[in-house]
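# Summary of structural features
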Amino acid sequence: MAWAVIGTWRMSREGCAKASEILKNNGDAADAAVAGVCDVEDNPSFHSVGYTGLPDKEGRVKLDGGFMDGNTLHFGAVGSIEGFRSPVRIARSLADREFNNFLVGAGAEAYAQSQSFERRDNLTPEIYQKYLEKKNAVKKLSSYSGHDTVCFLALDHSGRLCAATSTSGLFLKDPGRVGDTPLAGAGFYADSLIGAAAATGVGEDIMKGALSHEVYCRLKAGMSAMEAASSAVYELSETLKKRSGACRSISLICLDSRGRYGVGTNTSFPFVYAAWNEPLETWIAEPDGNAVRIHLPGPEDLNLD
Ligand code: ASP
């Protein structure tokens with residue numbers, strides 16, 4: 001039976017290898033997707049997720065994370081949570097509850113504390129220094145001036161699809177700002193019978209298109225994974241340009257129920273994919289009209305995250 005995993009950005013490569021091992025050994029899609037995200041949350045070299053995440057305007061690292069189980073459609077999410085090691089693990093545990101699946105701020109922290117989730121100060125001296133240097137210099141938040149979300153989608157041998165996400169959100173965001181990452185339907189969506197999708201980029205624009213659910217609807221209507229992802233991102237970008245003059249950077253990954261991937265993007269976008277029939281590889285997706293061109297990274301792509 002097929003398995004597959006896809007992750008956003010180069011930072012997901014090691015996590016993708018870990019998730020692949022789990023899936024190869026008949027492991028569960030939820031464990032694989034969460035393990036992939038946790039790898040990035042714990043890695044101090046990546047400054048937009050978990051440990052060494054990017055601070056808000058007040059110099060505090062407040063994190064967002066989401067999880068969805070494509071078998072039950074249960075989701076869990078945390079927004080603007082501070083002082084814990086793994087937002088995605090907390091999000092996953094919230095998916096098992098009947099109510100109160102999406103908690104933010106102090107409520108999320110109280111829940112995490114009550115469940116004995118590991119605490120961690122994610123603000124390092126190096127990142128605080130970066131905050132001090134930029135806090136007055138940055139006049140306007142712009143896309144990819146240092147923010148990215150790690151998203152993983154995994155399909156296991158039983159046909160279960162899961163989505164998991166984690167980010168520190170926009171650098172120098174307003175305190176309390178929450179983007180698309182913990183929002184089911186916008187930042188992620190999973191239905192094992194149809195497919196799963198997850199987004200990265202400027203949350204304010206991703207939310208305008210409820211993008212992950214939009215891709216799910218296109219899969220359900222019979223589009224291929226590539227068509228669904230690329231057409232949804234292209235159409236949202238064009239709509240926002242027409243209606244409000246601009247669309248900031250947005251990218252999206254999806255997996256259909258057979259593990260075939262799709263990508264949509266309006267900017268150069270690296271992602272990592274592995275499957276039962278394809279070795280783990282980092283790819284670059286480029287917008288190409290209303291479609292997307294996929295190629296192996298070249299020297300010109302070295303500066304992409
Ligand atoms: N989507 C994230 C947010 O808006 C940030 C990112 O993926 O770059 O919080």
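As a reminder, the structure under discussion sits directly above these lines.
The notes below deal with the structure included here.

Cut-offs used in this document
- Once a new chain begins, its residue numbering starts again from 1 and follows that chain's sequence as written.
- Local features in a predicted model are, by the rule used here, given only for residues with pLDDT of at least 70; side-chain atom pairs are given and counted only at 80 or more, and totals for whole chains, interfaces and linings are based on all residues.
- Just so you know, side-chain values use all the structure's heavy atoms and leave hydrogens and water out.
- Residues belong to a common nonpolar core when they are buried Ala, Val, Leu, Ile, Met, Phe, Trp, Tyr or Cys residues joined through side-chain atoms within 4.5 Å.
- Residue burial is assigned from relative accessible area. The probe radius is 1.4 Å, only protein chains are included, and a residue is buried under 20% of its type maximum, exposed over 50%, and partly exposed in between.
- Strands are runs of DSSP state E lasting at least two residues, helices are runs of H or I lasting at least four, and both sets are numbered from the N terminus onward.
- Here, residues are in contact when the closest pair of their heavy atoms is within 4.5 Å.
- One bridge is not enough; two strands pair if DSSP finds at least two bridges between them.
- Angles here are taken between N-to-C directions and fall from 0 to 180 degrees, while the axes themselves are lines fitted to C-alpha atoms, restricted in helices to the stretch in contact.
- Put simply, angles under 35 degrees are roughly parallel, angles over 145 are roughly antiparallel, angles from 65 to 115 are roughly perpendicular, and the rest are oblique.
- Helix crossings are classified by the rotation of the near helix relative to the far one: an anticlockwise turn of less than a right angle makes the crossing left-handed, while a clockwise turn makes it right-handed.
- Put simply, Ala, Val, Leu, Ile, Met, Phe, Trp, Tyr, Cys and Pro go in the nonpolar bin, Asp, Glu, Lys and Arg in the charged bin, and everything else, Gly too, in the polar bin.
- A patch consists of residues exposed above 30% relative accessible area that lack any salt bridge, with like charges linked at up to 9 Å and nonpolar side chains (Val, Leu, Ile, Met, Phe, Trp, Tyr) linked at up to 5 Å.
- Per-residue accessibility takes into account occlusion by the displayed protein chains alone, with areas from the Shrake-Rupley method and a 1.4 Å probe.
- A side-chain nitrogen of Lys or Arg and a carboxyl oxygen of Asp or Glu constitute a salt bridge if their distance falls within 4 Å.

This part takes up the nonpolar core. The nonpolar side chains of a soluble globular protein tend to be buried, and buried together. In this structure, Val5, Leu255 and Phe271 are the most contacted members of the largest nonpolar core, which totals 52 residues. With 8 residues, helix α2 (residues 29-42) is the single largest residue contributor to this core. If sequence neighbours within four positions are ignored, leucine 255 has contacts with Ala4, Ile6, Leu153, Ala154, Leu155, Leu161, Gly195, Ala196, Leu219, Arg260, Tyr261 and Tyr273.

With that out of the way, let us pick up the sheet that holds strand β7 (residues 188-191). Pairing is antiparallel across the open sheet formed by 4 strands, whose spatial order is β7-β8-β9-β10. The open sheet terminates on both sides in strands that have one partner only, identified here as β7 and β10 (261-265). Strand-to-strand twist in this sheet, taken as the mean axis angle between neighbours without regard to direction, amounts to 10 degrees. In terms of strand pairing, β7 meets strand β8 (residues 195-201) through 4 bridges, oriented antiparallel. Of the residues in β8, the one forming a bridge with aspartate 191 is glycine 195.

Before going further, it helps to spend a moment on the environment of valine 292. For valine 292, the location among the structural elements is in strand β13 (residues 291-295). C-alpha of valine 292 to C-alpha of glutamate 21: the two residues are 271 residues apart in sequence and 29 Å apart in space. Beyond its immediate sequence surroundings of up to four residues, valine 292 is in contact with Met226, Ser230, Val263, Gly264, Thr265, Ala285 and Glu286.

Before going further, it helps to spend a moment on the packing of helix α1 (residues 13-24) against α2. Direction vectors running N to C along α1 and α2 enclose 160 degrees, while the axes themselves pass 8 Å from each other. Judged by the inter-axis angle, α1 sits roughly antiparallel to α2. The hand of the α1/α2 crossing is right-handed. Contact with α1, carried on its side by Glu14, Gly15, Lys18, Ala19, Ile22 and Leu23, involves Ala29, Asp31, Ala32, Ala35, Gly36 and Asp39 of α2 and no other residues of that element. Residues of the contact of α1 with α2, tallied by class, amount to 6 nonpolar, 2 polar and 4 charged.

Moving on: helix α3 (residues 87-94). In terms of burial, α3 is largely enclosed, as 6 of its 8 residues are buried. Of the residues making up α3, those classed as buried are Pro87, Val88, Ile90, Ala91, Ser93 and Leu94. Lining the buried residues of α3 we find α2, β2 (63-69), β3 (75-81), β4 (102-104), α4 (105-114) and β6 (161-167).

Below, the discussion takes up a nonpolar patch on the surface. Taken together, the side chains of Phe102, Val104 and Leu183 present a nonpolar region at the surface, about 220 Å² in accessible area. Within the secondary structure, leucine 183 sits in the loop between β6 and β7. The partly exposed category is assigned to leucine 183, whose relative accessible area is 31%.

What follows covers the sheet that holds β2. The strand order β4-β3-β2-β6-β5-β1-β11-β12-β13 describes an open sheet built from 9 strands, whose pairing is mixed. In this open sheet, the two edge strands, each paired with only one partner strand, are β4 and β13. Strand after strand, the sheet turns through a mean of 15 degrees between neighbouring axes, direction not considered. The pairing of strand β1 (residues 4-8) with strand β11 (residues 269-275) spans 5 bridges and is classified as antiparallel. In the strand pairing of β11, alanine 4 is matched with alanine 275. Most of the contacts of α2 go to β6, to which it runs at about 15 degrees, and overall it touches β2, β5 (150-155) and β6. In the packing of α3 onto the sheet, the strands contacted are β2, β3, β4 and β6, and the crossing angle to β3 comes to about 140 degrees.

Put simply, side chains in a regular strand alternate between the two faces of the sheet. Here β8 lies mainly inside the structure; 7 of its 7 residues are buried. Side chains Gly195, Ala197, Ala199 and Gly201 of β8 all project onto a buried face; the interleaved residues Ala196, Ala198 and Thr200 project onto the opposite face, where all are buried too. In sequence, β7 turns back onto β8 through a hairpin of 3 residues. Across 7 bridges, the pairing between β8 and strand β9 (residues 250-256) is antiparallel. Looking at β9, one finds that glycine 195 is bridged to aspartate 256.

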